[in-house]
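# Examining the three-dimensional arrangement
Here's the letter readout for the chains.
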Amino acid sequence: NAGVTQTPKFRVLKTGQSMTLLCAQDMNHEYMYWYRQDPGMGLRLIHYSVGEGTTAKGEVPDGYNVSRLKKQNFLLGLESAAPSQTSVYFCASSSLAGEGRGDEQFFGPGTRLTVL
Amino acid sequence: RKEVEQDPGPFNVPEGATVAFNCTYSNSASQSFFWYRQDCRKEPKLLMSVYSSGNEDGRFTAQLNRASQYISLLIRDSKLSDSATYLCVVNPFPSNTGKLIFGQGTTLQVKP
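Residues numbered from 1 in each chain as written. Chains lettered and ligands numbered in written order. Predicted model: local features only at pLDDT ≥ 70, side-chain atom pairs only at ≥ 80, totals over all residues. Heavy atoms only, no water.

## Here we look at unusual backbone geometry
- A:Pro8 follows A:Thr7 through a cis peptide bond whose omega is -5°.
- Relative to the assigned elements, A:Pro8 resides in the loop between strand 1 (4-7) and strand 2 (10-13).
- The residue after B:Gly9, namely B:Pro10, is reached through a cis peptide bond having omega 10°.
- Its place among the elements puts B:Pro10 in the loop between strand 1 (4-6) and strand 2 (11-14).
- At A:Asn28, a residue that is not glycine, the phi angle is positive and equals roughly 60°.
- Assignment of secondary structure puts A:Asn28 in the loop between strand 3 (19-25) and strand 4 (31-38).
- In this model, B:Asp77 sits at a positive phi of 50°, which is unusual for a non-glycine residue. (Helix = DSSP H or I, 4+ residues; strand = E, 2+ residues; numbered from the N terminus.)

Below is the structure:
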């Protein structure tokens, strides 16, 4: 039982390049989330999904797109990377409210992205 | 005003000390409350949920004051291994999408 996994762990991009971050969970969770974490800013929600085939914008969605084609996977895309997107990206998942451990979010190990 | 505010610290304490962190939240309709722990360059992990009646888990005690809209975390008999960043987390959303709001964290450094 791997929990939440993220690939890649590290990446360096040049401005304007694109990339996709992959998040996978094996806990059969309905909800999945992408956050970015910057010094002094805490975790900020980029996009989230409440089920397969659904996505919604979070607090800081500009410059990112997401897809949830399969329940266990949540992809985060950067179409044209900018230096302001240099950050640590965390994926998380949680079960439905009232089920299991409800609100608890389980996090992946993070992806450290640098955009030059 | 930020939705969840914490004193970023750092709090530097000796082993064995008792330390307390406070956190305030702005939305009085908030549903649930948590403390997460984040070690350096690692992912956040749930430390404990915070219940209206307060709850204790070993050396850790969490309390909620809905009237004043603040949450506290008390750590007794601090260990070196308690050194980490502690995130105050709130679910302010009445329709449950599972979304949470994270404070920026309070850094604790326990010294020998």
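## As for the packing of aromatic side chains
- Here the structure, examined in full by the defined rule, presents twelve aromatic pairs over all chains.
- Summarising the aromatic geometry, the rings of A:Tyr35 and A:Phe107 are spaced 5.7 Å apart at their centres and angled 35° between planes, so their arrangement reads as tilted. Of this pair, A:Tyr35 sits in strand 4 while A:Phe107 sits in strand 10 (residues 106-107); the two residues are 72 residues apart in sequence, bridging distant segments of the chain.
- Ring geometry for A:Tyr35 versus B:Phe102: centroids 5.4 Å apart, planes at 80°, classification edge-to-face. (Phe/Tyr/Trp six-rings, centres within 6.5 Å; stacked < 30°, edge-to-face > 60°.)

## Remarks on the side chain of A:Glu104
- Relative to the helices and strands, A:Glu104 is located in the loop between strand 9 (87-94) and strand 10.
- In contact with A:Glu104, other than residues within four places in its own chain, are A:Ser93, A:Ser94, B:Tyr36 and B:Leu46. (Contact = heavy atoms within 4.5 Å.)

## Remarks on the sheet that holds strand 6 (residues 55-57) of chain B
All names here are of chain B.
- Taken together, five strands build an open sheet; the order of strands is 1-3-8-7-6 and the sheet is antiparallel. Looking at strand neighbours, the two that pair on one side only are strand 1 and strand 6, the edges of this open sheet. Here the strands of the sheet are splayed against their neighbours by 20° on average, with no regard to which way each runs. (Pairing = 2+ DSSP bridges. Axes fitted to C-alpha atoms, helices over the stretch in contact; angles between N-to-C directions.)

## Examining the state of the cysteines
Residues and elements named next belong to chain B.
- In this structure the tally under the stated criterion is two disulfides over all chains.
- Between the sulfur atoms of Cys23 and its disulfide mate Cys88 the distance is 2.0 Å. The S-S bond linking Cys23 to Cys88 shows a torsion near -75°; that makes this disulfide left-handed. Residue Cys23 is found in strand 3 (residues 19-25), and its partner Cys88 is found in strand 9 (residues 84-91); the two are separated by 65 residues along the sequence.
- The exposure class of Cys23 is buried, given its relative accessible area of 1%.
- Overall, Cys88 belongs to the buried group, its relative accessible area being 0%. (Disulfide = S-S within 2.5 Å. Buried < 20%, exposed > 50% of the residue type's maximum accessible area, 1.4 Å probe, protein only.)

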